[in-house]
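Letter by letter, the chains look like this.
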Amino acid sequence: MSRKERVYKIGEEEALRQKQIIEELSSSFQGKGLSYFIQTFGCQMNVRDSEKLVGILEKLGFSLAVKEKEADFIIYNTCCVRENAEQKVFGRLGSLKSYKEKNPHIKIAICGCMMQQENVLKEIKQKYRHVDLVFGTFNLYKFPELLQTHLETNQMVIDIWKEHQEIVEDLPSIRKDTFKAGVNIMYGCNNFCSYCIVPYVRGRERSRLPEEILAEVQRLVADGVKEIMLLGQNVNSYGKTLEQDYSFPDLLKDLTHIEGLERIRFMTSHPKDLSDELIKVMKESNKICRHLHLPVQAGSTKILKAMNRKYTKEHYLNLVKKIRSAMPNISLTTDIIVGFPGEHENEFQETLDLVQQVKFDGAFTFLYSKRTGTPGATMEDQIPEEKAKKHFNELLSILDSIVYENNLEKKEEILQILVEEANQENQTILTGRSDTNHLVHFAGDSSLVGKIVPVKITDAKPYYLIGELIV
Ligand code: 5AD
Ligand code: SF4
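Residues numbered from 1 in each chain as written. Chains lettered and ligands numbered in written order. Predicted model: local features only at pLDDT ≥ 70, side-chain atom pairs only at ≥ 80, totals over all residues. Heavy atoms only, no water.

Student: Would you mind showing me how to read the domain arrangement of the protein chain here?
Tutor: Accessible area lost upon the coming together of the parts serves often as the stated size of an interface. Split by domain assignment, the protein chain resolves into domain 1 (19–159), domain 2 (175–289), domain 3 (292–409) and domain 4 (414–469). Placing a centre on the C-alpha atoms of domain 1 and another on those of domain 2 gives a separation of 28 Å. Contact residues are listed per partner, giving 14 residues for domain 1 and 17 residues for domain 2. Regarding the contact of domain 1 and domain 2, the summed buried area is about 1300 Å², with carbon and sulfur atoms giving 59% of it. If you look at where domain 1 meets domain 2, you find three salt bridges. The shortest N-O distance in the salt bridge between Asp49 and Arg202 comes to 3.3 Å. Across the domain 1-domain 2 interface, the total number found is six residue pairs in polar contact (both at pLDDT 80 or more). (Domains from an automatic or database assignment. Contact = heavy atoms within 4.5 Å. Buried area = accessible area lost by both parts, 1.4 Å probe. Salt bridge = Lys/Arg side-chain N within 4 Å of Asp/Glu carboxyl O. Polar contact = N/O pair within 3.5 Å; in protein donor to acceptor, adjacent residues only side chain to side chain.)

Student: Any chance you could explain the site of ligand 1 here in plain terms?
Tutor: What surrounds ligand 1 is the set Val81, Arg82, Tyr195, Gln297, Asp335, Ile337, Phe366, Leu367, Tyr368, Ser369 and Arg371. Contact distances for ligand 1 include 2.7 Å between an oxygen atom and a side-chain N or O atom of Gln297. Separating an oxygen atom of ligand 1 from a side-chain N or O atom of Asp335 is a distance of 2.6 Å. Considered on its own, ligand 1 offers 410 Å² of accessible surface; in the complex 85% of this is hidden by protein. If you list the elements that add at least two residues to the shell around ligand 1, you get strand 13 (331–338) and strand 14 (362–367). Looking at the shell around ligand 1, its residues break down into six nonpolar, two polar and three charged. (Near = heavy atom within 4 Å. Areas by Shrake-Rupley, 256 points an atom, 1.4 Å probe, with all protein chains shown as cover. Helix = DSSP H or I, 4+ residues; strand = E, 2+ residues; numbered from the N terminus. Nonpolar A, V, L, I, M, F, W, Y, C, P; charged D, E, K, R; others polar.)

Student: Teacher, can you tell me more about the side chain of Lys100 here?
Tutor: Examined against the element boundaries, Lys100 turns out to sit in helix 3 (residues 83–102). Engagement of the side chain of Lys100 in a polar contact is seen with the side chain of Asp132, the distance being 2.7 Å. Other than its neighbours up to four places away in sequence, Lys100 contacts Ile106, Lys107, Ile108, His130 and Asp132.

Student: I tried to follow helix 7 (residues 210–222) on my own but got confused; where do I start?
Tutor: Along an α-helix, residues three or four apart share an orientation, since each turn contains 3.6 residues. End to end, helix 7 covers 18 Å across 13 residues, agreeing with the expected 18 Å (1.5 Å per residue, within 8%). Within the span of helix 7, buried status applies to Pro210, Ile213, Leu214, Glu216, Val217, Leu220 and Val221. The buried residues of helix 7 occupy an angular sector of 160 degrees when projected down its axis, which confines them to one face. Buried residues belonging to helix 7 abut helix 2 (44–60), strand 7 (180–184), strand 10 (227–231) and helix 8 (248–256). (Expected span 1.5 Å × (residues − 1). Buried < 20%, exposed > 50% of the residue type's maximum accessible area, 1.4 Å probe, protein only. Arc of directions from axis to C-beta.)

Student: Can you help me understand helix 4 (residues 118–127) in this one?
Tutor: What helix 4 keeps buried is the set Val120, Leu121 and Ile124. All buried residues of helix 4 fall inside an arc of 100 degrees around its axis, so they share one side. Turned more than 90 degrees away from the buried face of helix 4, the exposed residues are Glu118, Lys122, Gln126 and Lys127. Summarising the contacts, the buried residues of helix 4 are in contact with helix 3, strand 4 (107–112), strand 5 (133–135) and strand 6 (157–159).

Student: Please clarify how the packing of aromatic side chains should be interpreted in this entry.
Tutor: Taken as a whole, this structure holds 14 aromatic pairs when the rule is applied. Ring centres 6.2 Å apart and planes at 35 degrees place the aromatic pair Tyr311 and Tyr316 in the tilted group. For the pair Tyr311 and Tyr316, a shared accessibility class is recorded, and that class is buried. Three or more aromatic residues link up through ring pairs in this structure, and these residues are Phe29, Phe62, Phe73, Phe135 and Phe143. (Phe/Tyr/Trp six-rings, centres within 6.5 Å; stacked < 30°, edge-to-face > 60°.)

Student: When you look at the sheet that holds strand 10 in this model, what are you seeing that I'm missing?
Tutor: Note: strands within a sheet are paired through backbone hydrogen bonds, in either parallel or antiparallel orientation. The parallel open sheet is built from three strands, whose spatial order is 7-10-11. Two strands bound the open sheet, and with one partner strand each, they are strand 7 and strand 11 (263–267). Sheet twist, expressed as the average angle between the axes of neighbouring strands with direction ignored, equals 25 degrees. Note that strand 7 and strand 10 share five bridges and pair parallel. Among the inter-strand pairings, Val183 is bridged to a residue of strand 10, identified as Leu230. Along the sheet, helix 7 makes contact with strand 7 and strand 10, crossing strand 7 at roughly 170 degrees. Sitting on the sheet, helix 8 is in contact with strand 10 and strand 11, with an inclination near 160 degrees to strand 11. (Pairing = 2+ DSSP bridges. Axes fitted to C-alpha atoms, helices over the stretch in contact; angles between N-to-C directions.)

Student: Got a minute to help me understand the nonpolar core in this structure?
Tutor: Taken as a class, soluble globular proteins show a tendency for nonpolar side chains to be buried jointly. By size, the foremost hydrophobic cluster in this structure holds 69 residues, and its most contacted members are Ile228, Leu230, Phe248, Phe266 and Ile323. Among the elements that line this core, the one with the most residues is helix 11 (residues 313–326), at six residues. When residues of this core are assigned to domains, at least three fall in each of domain 2 (175–289) and domain 3 (292–409). Once residues lying within four places of it in the same chain are set aside, the contact partners of Ile323 are Leu274, Ile279, Leu292, Leu294, Ile330 and Leu332. Judged by nonpolar contacts, the second largest core, of 28 residues, contains Ile74, Ile108, Ile124 and Val201. (Core = buried A, V, L, I, M, F, W, Y, C linked by side-chain atoms within 4.5 Å.)

Student: It is not clear to me how the pairing of strand 19 (residues 465–469) should be interpreted in this structure. Could you clarify?
Tutor: Along a regular strand, successive side chains alternate from one face of the sheet to the other. Two strands pair when backbone bridges link them, and strand 17 (residues 439–443) and strand 19 are joined in this way by four bridges, in the parallel orientation. What sits directly across from Phe442, in strand 19, is Gly467. Direction of pairing for strand 18 (residues 452–460) relative to strand 19: antiparallel, over a ladder of five bridges. Its bridge partner lying in strand 19, Val455 is registered against Leu469. Connecting strand 18 to the antiparallel partner strand 19 that follows it, the hairpin turn spans four residues.

This is how it looks when you write it as structure tokens:
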């Protein structure tokens, strides 16, 4: 048996063990009308992890609480990419103290990326003794077992692993929507961008086996899912850790053959690894959505080098040209960090110049946040907050007008919209997304939720489009 087969074998045994524990525990929770509340911070990976936790909680006999402070089980699934997200978690956790004092039976669990940092763990042990379970990103699947240990000992249970051990497939999970789903294709990241804490808290890159992914997607489609979002920190390097020669474009090609699957999305793409083969596969398939989220982070080659991004401004611009000449209607979105060490006026102007050249359809902008343990944190030439904020606002206003102008160009176009929801107050207003990932509001019957329908764009707003259903 190869090392990889062994890893998967252990994974299978682990899944069985956890399922058995769920069964044992459920008799003490079922039928008591217990409820849970889960707050997810951060990215799509965390959203997917939370679906797995919800799956376990529901199997145990908990149902979704209306309010946090009515729940019997509260979980925070945390993010540590920026410091203010961490502060928010500590604030919320502090406010649970009196709730737990009044309701000693409730359980509080905290998990996710923040827990992988030693200083965070220390702070929780010292100041947040009302927390019952603490676990990290590598052992989320052990939640049933950790809960069992806590119930037996009535102590705070902490289990944080430094590295990933096995990939555990096939535990229960409850998906938020019935018609679209996120699917992990890989975990971790090897890139070590110098501002980013992710490689330290999510570990090295590991790809799931293609057959596991394909089988999961087949099951989803049989359950009525029309759109999948393939998830990974750097999907373009999918397959590099597999024994067989199999790449991300190979996976996409195989997925396009699944009958009934209508849309395939993926994120995140790293510009240094985006291959010509990927562009070709995208172009040749009408199931792969015409949208690429391609984080540029900065426009100055000097800053990109300091960020360890391994591409230049010119490389990025050429890549955009290549993508657009293959797929003229594709929409491009990005992430940009403002205020990285050394980013003064000239460097910032390069970002503005790039943004104006590319004319993105959307962007997430972030103020640089110093993360202890990353190379960026000890770099000289840190940028004063005031200056970074000024640049941030300038960038935001330029991006807003670019995105709005792009939206205006969509007027009169007919887009295929996957209807995601009906407005809560007015059920005749629907919201959905085009394959270019544009958000569109239009009038229609709520029975259309989950269907793909043609909509003519009649108006554009800065952040969304308005349309009319074509019947
Ligand atoms: N400060 C600000 N933004 C960051 N990101 C990652 N780390 C940091 C940091 N230390 C942003 C990057 C990444 C996105 C998910 O978060 O733009 O693409
Ligand atoms: Fe962080 Fe860079 Fe990896 Fe993205 S590619 S998770 S920014 S280290």
